[in-house]
Amino acid sequence: MKELIRAEHLSYAYPSDEDGVPAHQALKDVSFTINEGEFVAILGHNGSGKSTLAKLLCMVLEADEGSLYIGGKKMTGDSVSDEDIYSARRDVGMVFQNPDNQLVATIVEEDVAFGCENLGVPSEKIRKRVDYALATVGMTKYARHETHRLSGGQKQRIAIAGAIAMKRKCIIFDESTAMLDPAGRKEVMGTIARLNREENLTVIHITHYMNEATMADRVIVMSDGGIIMDGTPGEVFNRATELWDANLDVPQTTELLWKLKEAGYDVKTDIFDPCECAAEIVRVLKK
Amino acid sequence: MAEIQIKDLSYIYGKGTPYEMKALDNVNITFGDNMITGLIGHTGSGKSTLVHMLNGLLRPDSGQVILGGKDIWADPKKISSVRFRVGLVMQYPEYQLFDETVKKDIAFGPKNMGMKPEEIEKAVSEAVKFAGLRPELIEKSPFDLSGGQKRRAALAGVMAMKPEVLVLDEPAAGLDPGARREILSRIRDYQRESGTSVIIVSHSMEDMAMYCDRVVVMSHGTPVMEGTPAEVFSRADELFSVGLDVPEVTKVARALKECGVDIGLDIYTVKFALGRLLGGGEI
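The structure presented is a predicted model; accordingly, all values stated were derived computationally and were not measured.

### Side note on the overall build of chain B
Consideration 1: When helices and strands are tallied, chain B shows 11 helices and 10 strands.
Consideration 2: Here the C-alpha radius of gyration of chain B, 20 Å, is about what a compact globule of 283 residues would show, namely 19 Å.
Consideration 3: Expressed as lengths along the three principal axes of its C-alpha atoms, the size of chain B is roughly 65 × 50 × 35 Å.
Consideration 4: Expressed as a percentage of its 283 residues, the buried residues of chain B come to 56%.
Consideration 5: Of the contacts formed within chain B by residues at least 6 apart in sequence, a portion of 62% connects residues at least 24 apart.
Consideration 6: For chain B, the computed accessible surface area is about 12000 Å², with 50% contributed by carbon and sulfur atoms.
Consideration 7: Looking at charge distribution, chain B has the averaged site of its 34 positive side-chain charges lying 3 Å from that of its 39 negative ones.

Right, here's the structure in full:
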């Protein structure tokens, strides 16, 4: 697998401001590698550094210390060329939490085209890319609709389509499902999972919903500016007590199995699908 | 303390324009005294419109909002007094924070209610404590706070008025699981101690199952289900059909039944499921 993002000992502090608010060390010595096509979920309490990390990876902020590589090219330090930075910024994009804060045009297809227009893509190519992007998020029939009349889930899918049209290699979702209703959440998570599978899109999904994290290949857990766990959903959620200590949670399936284990039943605890969870319970009850 | 009765209420956005949209369609609900009612529904189901009716931010096109036995619109000039009695914490705290400092912002309600300065001081410090805001933050501008802190500041501003009815639109969105538990437990403890009616709007089925005494389900401008969490969440197929969901543990109970282990479909918390499975008789 080809490496897409490599972080080595990244640190970042928000500087103190004129009102005397002291500087805040948001990230401390963070290192990891994300390969092309990976689906990574990032969990962490409020203020754990998740969003700061996302901003460093999109190069909205620059690390105080450490090195960041995108597509094998170094993005930190003095010798970096502007061209490399621009190219990497095209590769990694972000979808935000509030669907109303990121749509810029009044008509769906114009919004999806906005990024490409800014990149100077020729208009006939833009047409093709927009049609393709709308098809991949299942919004083709809304191309001429007004953006402000869409549901939250549809708005988020339009934001994703904009990133697809720009041919981004990686999208960082910063709590993009937090404001959505259950159907909207399913709609967006389904779209994300499919793009990851079928288009080899690298996905970094920041969320407070534990069951969304179970859909990822890998879960990174942050606490107080550092990474405290990094593994498959099974490995991470098996450390339930540590997660509870870090102000986090485990999926209800894991919690149920975990408590059964505490009650003396010999169950596996790294199961997330409700049907598989039920099957596991039936297996031990029949013993 | 007071219950709120909604009677034959309808509301249309953009009446008389081509964009006319019926947001609430002949709604009848009672939000009971001394309990936590959860309001769930898909985006556009009319939850937020209904919530804005409860303290008179919107005026019904037809029907009534009856607070403690009186129509809140009986004397429209006195509608502002209803806003002291029914406190609303909005979905986006940015929409209700406005003052120079967090402290002034929280004191705004009590001041307008005509509290004396020492009462205001007391109400503010109690509200700050309740919302779990760090005291050093209260001299800052509310707009310099993080999302989670803004949410707490907005909650404190409403709590400082000691409302008889507390209405919270997504009070825990964007908070981490630990902070969610903390804020929602505090709201429940407060409700239990004070006997107020609390109404919570949320998209988190797990939270609603855990903290509400009753659940009202809205769809397309009208209530379609009402009952205890056990009653509502046992009707999973109907919830799915209106774009909603059930807690994960409820899905486990459904799958268990299909495997021939029937612990009931009215399971909505892990504790409850565990009780039924182990036969300990929990709840």
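### Thoughts on the interface of chain B and chain A
Consideration 1: Contact with chain B, which involves 37 residues of that partner, is made by 42 residues of chain A.
Consideration 2: Here chain B packs against chain A, burying approximately 3200 Å² in sum over the two surfaces, 63% of which is carbon and sulfur.
Consideration 3: Linking chain B to chain A there are one salt bridge.
Consideration 4: On inspection of chain B and its partner chain A, the count reaches eight residue pairs in polar contact (both at pLDDT 80 or more).
Consideration 5: For the side of chain B that touches chain A, the secondary-structure elements that each account for two or more residues are α6 (177-194), α7 (205-211), α10 (248-258) and α11 (270-278) of chain B.
Consideration 6: Class assignment for the residues of the side of chain B that touches chain A results in 20 nonpolar, eight polar and nine charged.

### Some points on the sheet that holds strand β3 (residues 36-41) of chain B
Residues and elements named next belong to chain B.
Consideration 1: Taken in spatial order, the six strands line up as β6-β7-β8-β3-β9-β10 in an open sheet, and their pairing is mixed. Each having just a single partner strand, β6 (86-89) and β10 (222-227) make up the two edges of the open sheet. Neighbour to neighbour, the strand axes of the sheet diverge by 20° on average, direction disregarded.
Consideration 2: Relative to strand β9 (residues 214-219), β3 runs parallel, the two sharing five bridges. Bridge pairing in β9 places I40 opposite V217.
Consideration 3: Packed onto the sheet, helix α1 (residues 47-54) meets β3, β6, β7 (165-169), β8 (197-201) and β9 and runs at close to 145° relative to β3.

### Some words on the environment of R157(A)
All names here are of chain A.
Consideration 1: By the element assignment, R157 lies in helix α5 (residues 152-165).
Consideration 2: In the structure, R157 is positioned 62 residues away from V95 in sequence and 9.5 Å away in space, judged by C-alpha atoms.
Consideration 3: Not counting chain neighbours up to four residues away, the residues in contact with R157 comprise V137, G138, M139, E187 and T191.
Consideration 4: A distance of 3.2 Å separates a polar atom in the side chain of R157 from the backbone oxygen of G138.

### Focus: the sheet that holds strand β5 (residues 70-71) of chain B
Residues and elements named next belong to chain B.
Consideration 1: Strand order in the open sheet formed by four strands is β2-β1-β4-β5, with antiparallel pairing between adjacent strands. Two strands lie at the open edges of the sheet, namely β2 (21-31) and β5, each paired on one side alone.
Consideration 2: Examined bridge by bridge, strand β1 (residues 4-13) and β2 share seven bridges and lie antiparallel to one another. Paired with L9 across the strands is V27, a residue of β2.

### Comments concerning the packing of aromatic side chains
Residue and element names in this part refer to chain B.
Consideration 1: In total, this model carries seven aromatic pairs over all chains according to the counting rule given.
Consideration 2: Note on Y92 and Y95: the rings are 5.2 Å apart at their centroids and 50° apart in plane angle, and the pair reads as tilted.
Consideration 3: Measuring from ring centre to ring centre gives 5.6 Å for F130 and Y190, while their planes differ by 70°; the resulting arrangement is edge-to-face. Separated by 60 residues along the polypeptide, F130 in helix α4 (residues 117-131) and Y190 in helix α6 bring together distant segments of the chain.

What counts as what
- Residues numbered from 1 in each chain as written.
- Chains lettered and ligands numbered in written order.
- Predicted model: local features only at pLDDT ≥ 70, side-chain atom pairs only at ≥ 80, totals over all residues.
- Heavy atoms only, no water.
- Helix = DSSP H or I, 4+ residues; strand = E, 2+ residues; numbered from the N terminus.
- Rg over C-alpha atoms; globule rule 2.2 N^0.38 Å.
- Buried < 20%, exposed > 50% of the residue type's maximum accessible area, 1.4 Å probe, protein only.
- Contact = heavy atoms within 4.5 Å.
- Areas by Shrake-Rupley, 256 points an atom, 1.4 Å probe, with all protein chains shown as cover.
- Lys, Arg positive; Asp, Glu negative; His and termini not counted.
- Charge placed at Lys NZ, Arg CZ, Asp CG, Glu CD.
- Buried area = accessible area lost by both parts, 1.4 Å probe.
- Salt bridge = Lys/Arg side-chain N within 4 Å of Asp/Glu carboxyl O.
- Polar contact = N/O pair within 3.5 Å; in protein donor to acceptor, adjacent residues only side chain to side chain.
- Nonpolar A, V, L, I, M, F, W, Y, C, P; charged D, E, K, R; others polar.
- Pairing = 2+ DSSP bridges.
- Axes fitted to C-alpha atoms, helices over the stretch in contact; angles between N-to-C directions.
- Phe/Tyr/Trp six-rings, centres within 6.5 Å; stacked < 30°, edge-to-face > 60°.

Shape is all these values report; function is a separate question.
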